[in-house]
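Examining the three-dimensional arrangement
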Amino acid sequence: MSVDKAFREMVRNEIESQLKPLRELVSRLEEGTADLDKLRSVAEQLAPLASAVGPLFGVAGGGGGGGAAAARGAGRRGPGRPARAAAPAPVAASSGGKKRGRKPATEGGARDCAIIGCGKPSRTKGYCAAHYQKLRMLEKTNRRPSAWVDYAEPNSVEDLKLPRGRAAAKALAESNQKNAG
Ligand SMILES: [Zn+2]
């Protein structure tokens, strides 16, 4: 028996003795009765073989950085853009301000103008806007007809044909004289 052969035999026996528990475990694995904790401990005991056998059974190898990397990955956002901040709601076109314009002339059961044949709805004291202006003017110039009373019945007051031009000036002068006298 050569030295070389003896040495090899020795190594073989050593490996055999060390691998014996592993072999038992492997056989038990095949039967499905092995527990991984025992397997792990055995793998750690087999220091020279651990680096080779360990990864097969989930024993942490040299690096050890894999867990940390996995943890970092878990916190990562999924694909796609992050949700945008909600845009401000569009300002309401009309924010309940006051209503513009005049109220409807016929509101509140408004009557027609007191002047016969006018036909417009009354606005002030029973007269339409135009005829109330005329009434105010006649009143100022002391020419208000007695028929032009406030709140006269609709279509009950005869319209007054005012003189125009020179006649108007004459009529106005007469009324002023009346006022003076
Ligand atoms: Zn009128």
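Only a predicted model underlies this, so the values are computations on that prediction, with no experimental measurement involved.

Conventions we followed
- Residues numbered from 1 in each chain as written.
- Predicted model: local features only at pLDDT ≥ 70, side-chain atom pairs only at ≥ 80, totals over all residues.
- Heavy atoms only, no water.
- Helix = DSSP H or I, 4+ residues; strand = E, 2+ residues; numbered from the N terminus.
- Buried < 20%, exposed > 50% of the residue type's maximum accessible area, 1.4 Å probe, protein only.
- Contact = heavy atoms within 4.5 Å.
- Donors = N, O, S within 2.8 Å, 3.2 Å for Na, K, Ca; no water.
- Tetrahedral: all angles 85-135°; square planar, octahedral: opposite > 155°, others 65-115°.
- Core = buried A, V, L, I, M, F, W, Y, C linked by side-chain atoms within 4.5 Å.
- pLDDT = per-residue confidence, 0-100.
- Salt bridge = Lys/Arg side-chain N within 4 Å of Asp/Glu carboxyl O.

Each helix and strand in the protein was counted, giving six helices and zero strands. Listing every helix and strand of the protein by position from the N terminus yields α-α-α-α-α-α. For the protein, with 181 residues in total, the buried portion stands at 15%. When contacts within the protein are restricted to residue pairs at least 6 apart in sequence, those whose partners lie at least 24 apart make up 41%.

Our next topic: the coordination of the zinc ion. Every protein donor of the zinc ion is accounted for by Cys 113 (SG), Cys 118 (SG), Cys 128 (SG) and His 131 (ND1), and the metal-donor separations fall at 1.8 to 2.3 Å. Considering all four donor atoms around the zinc ion, the spread of angles at the metal, 106 to 113°, places the coordination shape in the tetrahedral class.

Let's shift gears to the nonpolar core. If you look at the biggest cluster of nonpolar residues, it comprises 11 residues: Cys 113, Ala 114, Ile 115, Tyr 127, Cys 128, Tyr 132, Leu 135, Leu 138, Trp 148, Ala 152 and Val 157. Ignoring anything within four residues of it in the chain, the contact list for Trp 148 reads Ile 115, Tyr 127, His 131, Lys 134, Leu 135, Leu 138, Val 157, Glu 158, Asp 159 and Leu 160.

When pLDDT is averaged across the protein, the result is 75; 60% of the residues are at 70 or more. Of all the helices and strands in the protein, helix α4 (residues 66-74) carries the lowest mean pLDDT, 47, while helix α5 (residues 129-140) carries the highest, 96. Between residues 61-71, whose pLDDT stays under 50, and residues either more than four places distant or in other chains, the model counts zero contacts.

Bringing the pattern of salt bridges into the picture now. All chains considered together, the criterion is met by six salt bridges. The partner of Asp 150 in a salt bridge is Lys 125, with the nearest N and O atoms 3.5 Å apart. Residue Asp 150 is located in the loop between α5 and α6 (165-180), and its partner Lys 125 is located in the loop between α4 and α5; the two are separated by 25 residues in the primary sequence. Taking the relative accessible area as the measure of exposure, Asp 150 reaches 33% and is therefore partly exposed. A relative accessible area of 30% means that Lys 125 is categorised as partly exposed. Residues joined in a network through salt bridges with shared partners are Lys 125, Glu 139, Arg 144 and Asp 150.

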